[in-house]
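What the coordinates show
Residue strings, one per chain:
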Amino acid sequence: MIPSYYEFHNPVKILCGHKALDNLPDELNSLGASRPLIVTDPGVVQAGLLDLVVQAFSGAEAVIGAVYRDTPPDSSNLVVNHVAGIFREHGCDSIVAVGGGSAIDTSKAVNIVVTEESDDLLKFMGVNILTKPMKPFVVIPTTAGTGSEVTSAAVVANPEKNVKMLFVSPLLFPHVGILDPRMTLTMPAKITAATGMDALTHAVEAYTSMQKNPLSDAYAVAAINLIREFLVRAVTKGNDSEARLAMANAALLAGASFSNAQVGIVHGLAHACGGVAHVPHGVANAVLLPFGMEYNMDRSAALYGELLLPLSGPEEYARALEKDRPWRAVAAVRSLLQRLHQLSGLPRTLKEAGVPEDKLEEIARTAMGDATLILNPEEVGYEDALRVLRDAYK
């Protein structure tokens, strides 16, 4: 059904392909920028990926103003405020994020602080609080999961309150996203699996969100088809550039979908698992996705039935009776998770992910303050959240 009214917005320019990274200086020039701050993390540096970015500036008019190499997996407002100081100290005029979700979200948050000429990120937490156009911003993802190169949101930890803070604004969309398969070839199998499941969760939750629309649906289904075909291949053959590029596109498509349709209970609980128990976001989403689908089954069965087609392919879809398709879709997700566990050690339960059982109540309480629950198809209370967490713990 087409909603009576909807909006779909995604202004990010995408460069996709082998050696797409080489166009980075030209893109900065077109944005009127010539002295970027590069924000990345130790894993990217160790894998030699930062070297590829530096090489792209060879002979270019633009020069790298500064490089921040130490983005942690769970970046915080303290890190953001520190990096903003580096931006100012070195006279930078733009930001290039090179990494996964943490580096990209850190960069978005740094952009908030320097654009708003502030020294405190916490002043801008929430939805549609920002008012000023951001500094030129380019994202080069080195994982294929978050889709942050095409989203208007950032999630940053507040260690003082032990929560993940959400920042949402159309002004947070990057100006350019660059997908180059060279940037994901070195990603370890377990991280490949976790980020792939992150993208799958984005697509599934967007497809069943209360804010879904025909455009977000098209992006979500395209993403799921690519994940079905290429995720296991990317996990088992890490140097397969075709599989890597396909998964990069899947993450982008899923990101564009959920940036417009939003997500639900799985993300609400996953954010809380990250804030309370420091579970990597992709891992938490992977574990919680089938349980979130089961929780929403009463209201979303027909939609899950439709998703069996991209999740399992046309033959499995045709063989299944209509009444069985929703549950077959959940089974397909569990089957994929089991396969990824066997191939990479990706956790299947919160217990395997290292969540202490005595933290489940705190995680459920924390999730109650997460904005992602607002558009979940089924209303979520504390007891509901705790029940899902307990089911996912076993």
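This section reports on the structure supplied with the text. The numbering scheme is per chain: residues are counted from 1 as the chain's sequence reads. Local features are withheld for residues below a pLDDT of 70 in this predicted model, meaning they are given only at 70 or higher, and side-chain atom pairs are given and counted only at 80 or more; totals for whole chains, interfaces and linings count all residues. Computation of side-chain values covers all heavy atoms of the structure but excludes hydrogens and water.

**Quick word on the packing of aromatic side chains**
A ring pair, where both rings are aromatic, is described by two values, the distance of the centres and the angle of the planes. Any pair of Phe, Tyr and Trp rings, taking the six-membered ring for Trp, is counted once the centres come within 6.5 Å. Such a pair is stacked with planes under 30 degrees apart, edge-to-face with planes over 60 apart, and tilted for the rest. For the structure shown, the criterion picks out 1 aromatic pair. Relative to Tyr219, the ring of Phe8 has its centre 5.2 Å away and its plane inclined at 35°; by these criteria the two rings are tilted. Here Phe8, found in the segment before strand S1 (13-16), pairs with Tyr219, found in helix H7 (residues 214-236); they are 211 residues apart in sequence, far enough to count as distant. Exposure classes here rest on a 1.4 Å probe applied to the protein chains alone. A residue is buried below 20% of its type maximum, exposed above 50%, and partly exposed in between. Judged by its relative accessible area of 23%, Phe8 is partly exposed. Taking the ring centre of Tyr207 as reference, the NZ or CZ of Lys212 above it sits at 4.3 Å. Only when the NZ atom of a Lys or the CZ atom of an Arg is both within 6 Å of the ring centre and within 35 degrees of the ring normal do we say a charge sits over the ring. Geometry around Phe291 places Arg334 over its ring, the cationic atom sitting 4.7 Å from the centre. Note on conventions: DSSP H or I runs of at least 4 residues are helices, E runs of at least 2 residues are strands, and numbering of each starts at the N terminus.

**Things to note about the pairing of strand S7 (residues 153-158)**
Summarising burial for S7: 5 of the 6 residues are buried, a large majority. By definition, two strands form a pair when at least two bridges between them are found by DSSP. In this sheet, strand S8 (residues 163-168) lies alongside S7 in antiparallel orientation, the contact comprising 6 bridges. By the bridge assignment, Ala154 is partnered in S8 with Phe167. Counting the residues between successive antiparallel strands, the hairpin from S7 to S8 contains 4 residues, one of them, Asn162, with a positive phi of roughly 60°.

**Quick notes on the sheet that holds S7**
Whenever strands of a sheet pair, they do so through backbone hydrogen bonds, lying parallel or antiparallel. Read across the open sheet, the 3 strands follow the order S5-S8-S7; overall the sheet is mixed. In the strand order of this sheet, the two ends are held by strand S5 (126-127) and S7, each with one partner. Residues count as neighbours in contact if any of their non-hydrogen atoms are within 4.5 Å of one another. Inter-axis angles, ranging from 0 to 180 degrees, are taken between N-to-C directions of lines fitted to C-alpha atoms, where helices are fitted over the stretch in contact. Contacts between helix H5 (residues 101-115) and the sheet are confined to S7 and S8, with S7 contributing the most and set at about 90° to the helix.

**Description of the environment of Val287**
Note on placement: Val287 falls in helix H10 (residues 281-295). The class for Val287 is buried, based on a relative accessible area of 0%. Sequence-wise, Val287 and Asn111 are 176 residues apart; in three dimensions their C-alpha atoms are separated by 32 Å. Residues in contact with Val287, not counting those within four places in the same chain, are Leu337, Pro347, Arg348, Thr349, Leu350 and Ala392.

**Structural notes on H5**
Over its 15 residues, H5 runs 21 Å from end to end, which matches the ideal 21 Å to within 8%, given 1.5 Å per residue. Counting buried residues along H5, 15 of its 15 residues qualify, which places the element largely inside the surrounding structure. Just downstream of H5 lies Glu117, where phi reads positive at about 50°. One less than the number of residues in a helix, times 1.5 Å, gives the span that helix is expected to have.

**Here we look at the pairing of strand S9 (residues 176-179)**
Burial along S9 is two-sided: the face carrying Val176 and Ile178 and the face carrying Gly177 and Leu179 are both buried. One ladder, built from 4 bridges, connects S1 with S9; its direction is parallel. Each residue of the ladder has a partner; that of Ile14, found in S9, is Gly177. One ladder, built from 2 bridges, connects strand S6 (residues 137-141) with S9; its direction is parallel.

**Some words on H10**
Here H10 spans 20 Å end to end across 15 residues, near enough to the 21 Å set by a 1.5 Å rise per residue. Two axes define the bend at a residue: one fitted to the seven residues ending there, one fitted to the seven starting there, and the bend is the angle between them. Most pronounced at Leu288, the bend in H10 amounts to some 45°, and the proline Pro290 follows within four residues. Of all 15 residues in H10, 13 are buried; the element is thus mostly enclosed.

**What about the packing of helix H14 (residues 360-367) against helix H15 (residues 382-393)?**
At a minimum axis separation of 9 Å, H14 and H15 run at an interaxial angle of 135°. Comparing their axes, H15 and H14 come out oblique. The two elements H14 and H15 cross, and the hand of that crossing is right-handed. Residues Leu360, Glu361, Ile363, Ala364 and Arg365 of H14 lie in contact with H15, whose contacting residues are Tyr382, Ala385, Leu386, Leu389, Arg390 and Tyr393. Any residue outside Ala, Val, Leu, Ile, Met, Phe, Trp, Tyr, Cys, Pro, Asp, Glu, Lys and Arg is labelled polar, Gly included; the first ten of those are nonpolar and the last four are charged. Classifying every residue of the contact of H14 with H15 by side-chain character gives 8 nonpolar, no polar and 3 charged. Our angle categories are set so that under 35 degrees counts as roughly parallel, over 145 as roughly antiparallel, 65 to 115 as roughly perpendicular, and the remainder as oblique. Crossing handedness is defined as follows: a turn of the near helix away from the far one that is anticlockwise and smaller than a right angle gives a left-handed crossing, while the clockwise case is right-handed.

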